[in-house]
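# Topology and contacts: notes
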Amino acid sequence: MEVTLLGTGDTTGTPTPGCDCETCERARERGVERTRFSVHVRNERTGESLLVDASPDFRHQFLEQGVDLPDAVLVTHIHFDHLDGLGNAYRLLDGAPVYAADETDPATGQSVVAAIEERYDYLDAVEPTARSPLVPFRACGFDVTLVPVDHPPLLCYGVVIEDPETGVKLSLSGDTTYDVPAASRERLADPDLLLADGIVPASLAEHHPIGGQHEDDDGVPRTFGTKHMTREGALALADDLDADRTRVVHVAHFYPADEAFAEPLAVDGEVYDL
């Protein structure tokens, strides 16, 4: 399993257009980016590739990283930075299944797969394909499971990708607070690599209108506001799951410059052979 981090940033990415903060300037100096979130997973046994989330930066990411176009796509939720790259599939993908959850979201009255069908009904090149949360399915030679996480007000899913031949396991937290349900934690546990949402350091929680949540024993917030984990929350989740290796993703440019490129925060283009 070859895992390429195509996009490791939040909704605006780093550097953020029009921003001259020290972190964005440092990114420009280093020649690194954190574009909107997307992960490419190649099955070296079958030659197939699975794309987890279709970033609006689809074209740039695939040209920059030189990876194969996907044979299938999985979408975790309907926020634009995880979904709108599907528009780039026009004339590029040929009947590729786009897997998404079939669970109806009370906030929208639609499932994720139904939202894809409605928004991208003009894309003959993709096939919205419903899958049920917590039920494994086969895609690109991998066993894949969507697991519910906590990203209000919308339903959102983490992902477990396992190679049935080698036994290696990739877990993605998805966009979530630290309050990941127990059943999902059980499925996510013991990964060779965990990609965990850690949008900002816990020290910035005081600047959110509602502050932080899910504090540890020392009062450090593991959730920033209502939708995302802090860096400390991501690392706490990694400990909970007994992850062999962890990369913090969905990273915002609000990290102080002296922390923004330190371990274990990921940047675009990282490749992991599992």
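Residues numbered from 1 in each chain as written. Predicted model: local features only at pLDDT ≥ 70, side-chain atom pairs only at ≥ 80, totals over all residues. Heavy atoms only, no water.

Turning our attention to the overall build of the protein chain. Along its length, the protein chain carries six helices and 16 strands. At 17 Å, the protein chain has a C-alpha radius of gyration in line with the 19 Å of a compact globule built from 274 residues. Its C-alpha atoms give the protein chain principal-axis dimensions of roughly 45 × 40 × 40 Å. Across the 274 residues in the protein chain, those meeting the buried criterion constitute 56%. (Helix = DSSP H or I, 4+ residues; strand = E, 2+ residues; numbered from the N terminus. Rg over C-alpha atoms; globule rule 2.2 N^0.38 Å. Buried < 20%, exposed > 50% of the residue type's maximum accessible area, 1.4 Å probe, protein only.)

What follows concerns the side chain of His228. Tracing the backbone through its elements, the reader meets His228 in strand E14 (residues 228–229). A distance of 2.9 Å separates polar atoms of two side chains, one belonging to His228 and the other to Asp197. In contact with His228, not counting residues within four places along its chain, are His151, Asp175, Thr176, Thr177, Asp197, Ile199, Thr223 and His250. (Polar contact = N/O pair within 3.5 Å; in protein donor to acceptor, adjacent residues only side chain to side chain. Contact = heavy atoms within 4.5 Å.)

As judged from the three bridges shared by strand E12 (residues 212–215) and strand E13 (residues 221–224), these two strands associate in the antiparallel manner. Looking across to E13, one finds that Gly212 is bridged to Phe224. Hairpin connection between E12 and E13: a loop of five residues separates the two successive antiparallel strands, and Gly219 in this loop has a positive phi of roughly 85°. One ladder, built from two bridges, connects E13 with E14; its direction is antiparallel. What sits directly across from Thr223, in E14, is Met229. If you look at the hairpin formed by E13 and E14, you'll find three residues sitting between the two strands, and Gly225 has a positive phi there, around 65°. (Pairing = 2+ DSSP bridges.)

The subject of this paragraph is the sheet that holds E14. One open sheet accounts for three strands, arranged E12-E13-E14; its pairing is antiparallel. The open sheet has two edge strands, E12 and E14, and neither has a second partner.

A sheet is described by the order of its strands in space; here six strands give the open sequence E7-E8-E9-E10-E11-E15, paired in mixed fashion. Looking at the sheet topology across the chains shown, the edges are occupied by strand E7 (137–139) and strand E15 (246–249). Strand-to-strand, the axes of this sheet are offset by a mean angle of 20°, without reference to chain direction. Alignment of strand E11 (residues 193–197) against E15, held across four bridges, turns out to be parallel. (Axes fitted to C-alpha atoms, helices over the stretch in contact; angles between N-to-C directions.)

Attention now moves to the packing of aromatic side chains. Going through the model one piece at a time under the given rule, you end up with three aromatic pairs. Aromatic pair Phe58 and Phe62: ring centres 4.5 Å apart, planes at 25°, arrangement stacked. In this pair, Phe58 and Phe62 both sit in helix H2 (residues 58–65), four residues apart, roughly one turn of the helix. By relative accessible area, Phe58 is classed as buried at 3%. Between Tyr99 and Phe137 the ring centres are 4.8 Å apart and the planes differ by 40°, which places this aromatic pair in the tilted class. With a gap of 38 residues between them, Tyr99 in strand E5 (residues 96–101) and Phe137 in strand E7 connect regions that are remote in the sequence. The ring of Tyr178 has Arg185 lying over it, and the distance from NZ or CZ to the ring centre is 4.8 Å. (Phe/Tyr/Trp six-rings, centres within 6.5 Å; stacked < 30°, edge-to-face > 60°. Lys NZ or Arg CZ within 6 Å of the ring centre and 35° of its normal.)

This next bit is on helix H1 (residues 22–30). The α-helix advances 3.6 residues per turn, and as a result positions three or four apart in sequence lie on the same side. Within the sequence span of H1, burial applies to Thr23, Cys24 and Ala27. Taken down its axis, H1 places every buried residue within 100° of arc, on the same side. Among the exposed residues of H1, those pointing more than 90 degrees away from its buried face are Glu22 and Glu29. Of the residues one or two after H1, Gly31 is the one with positive phi, at around 70°. (Arc of directions from axis to C-beta.)

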